[in-house]
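# Examination of the molecular architecture
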Amino acid sequence: MSNIQIWQGPNGIELPSTLKEASEVVPYANYLTAKQKNQIIAAFQIEAFDMAAEYAWKKAMVKLKETIATLGMKFVGEMIGRDDFDETTSIDTEITDHTAIQIAEQLGVVGATAALRLRQSNELITHYFSKDAEEQLDYATAFSIVKSSVQYV
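Residues numbered from 1 in each chain as written. Predicted model: local features only at pLDDT ≥ 70, side-chain atom pairs only at ≥ 80, totals over all residues. Heavy atoms only, no water.

Spacing of three or four residues puts side chains on the same side of an α-helix, whose turn is 3.6 residues. All buried positions along helix α6 (residues 97-107) are accounted for by D97, T99, A100, I101, I103 and A104. Those residues of α6 hidden inside the fold are in contact with α3 (49-69), α4 (73-79) and α7 (112-128). (Buried < 20%, exposed > 50% of the residue type's maximum accessible area, 1.4 Å probe, protein only. Helix = DSSP H or I, 4+ residues; strand = E, 2+ residues; numbered from the N terminus. Contact = heavy atoms within 4.5 Å.)

See below:
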């Protein structure tokens, strides 16, 4: 089996529906190095689900923002009504993950389903890392975040 999947436009990559383990999904993340993939898988193995989800999510959002930034930050600023953006503006500090997902959907970088799944993942990350979280991130939730990150970014 080849771990290389070609991105198929706004619908992401096609992952086999039978994948149930992080070690089966993470190899499809072509934006991660081998070391980064191993770190996410290792975090799942030691049941550090929050670490695995956060790391995979952060890497995916950095990649998504880099993709958006290739269009030019002045253009990105125009899209969101920020006339203070120029080509030296850092997308990492000026655009939230939520806004990046919204822009990516508007530009057709991600489709409607991908945007929905990424927004859900963003909300889950935000919730579980807030002081209001009453329980810890479990395997299924972390797996869902990682799978969405891999599939749609």
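Next, the rest of the story.
Another point: the packing of α3 against α7. Contact geometry of α3 with α7 gives a least axis separation of 11 Å together with a crossing angle of 130°. Relative to α7, α3 is oriented oblique. As α3 runs across α7, the sense of the crossing is left-handed. Here A53, E54 and W57 of α3 come into contact with α7, specifically with L118, S121, N122 and I125. Among the residues forming the contact of α3 with α7, the class breakdown is four nonpolar, two polar and one charged. (Axes fitted to C-alpha atoms, helices over the stretch in contact; angles between N-to-C directions. Parallel < 35°, antiparallel > 145°, perpendicular 65-115°, else oblique. Left-handed = near helix turned anticlockwise from the far one by under 90°. Nonpolar A, V, L, I, M, F, W, Y, C, P; charged D, E, K, R; others polar.)

Time to look at the nonpolar core. Formed by 48 residues in total, the largest nonpolar core has its most connected members in F44, L64, I68 and V150. Among the elements that take part in this core, α3 stands out by supplying nine residues, more than any other. With near-sequence residues (within four places) excluded, I68 lies in contact with V76, I91, A100, I103 and A104. (Core = buried A, V, L, I, M, F, W, Y, C linked by side-chain atoms within 4.5 Å.)

On to the packing of aromatic side chains. Counted by the stated rule, this structure contains four aromatic pairs. Relative to F143, the ring of Y139 lies with its centre 5.8 Å away and its plane at 15°, an arrangement referred to as stacked. With a gap of four residues between them, Y139 and F143 both fall in helix α8 (residues 139-152), about one helical turn apart. Grouping aromatic residues by their ring pairs yields a cluster made of F44, F49, Y139 and F143. (Phe/Tyr/Trp six-rings, centres within 6.5 Å; stacked < 30°, edge-to-face > 60°.)

Let us now look at the environment of D138. Position of D138 among the secondary structure elements: in the loop between α7 and α8. On the basis of relative accessibility, which here comes to 35%, the residue D138 falls in the partly exposed class. Linking D138 and A104, residues 34 residues apart in sequence, is a C-alpha distance of 28 Å. Within the structure, D138 has its side chain in polar contact with the side chain of T141 (distance 2.6 Å). (Polar contact = N/O pair within 3.5 Å; in protein donor to acceptor, adjacent residues only side chain to side chain.)

Our focus in this paragraph is the pattern of salt bridges. Considering all chains together, one arrives at five salt bridges under this definition. R82 is paired through a salt bridge with D84; the nearest N and O atoms lie 2.9 Å apart. On the basis of relative accessible area, R82 is assigned to the partly exposed category, the value being 28%. D84 gets classed as partly exposed once you look at its relative accessible area, which sits at 46%. (Salt bridge = Lys/Arg side-chain N within 4 Å of Asp/Glu carboxyl O.)

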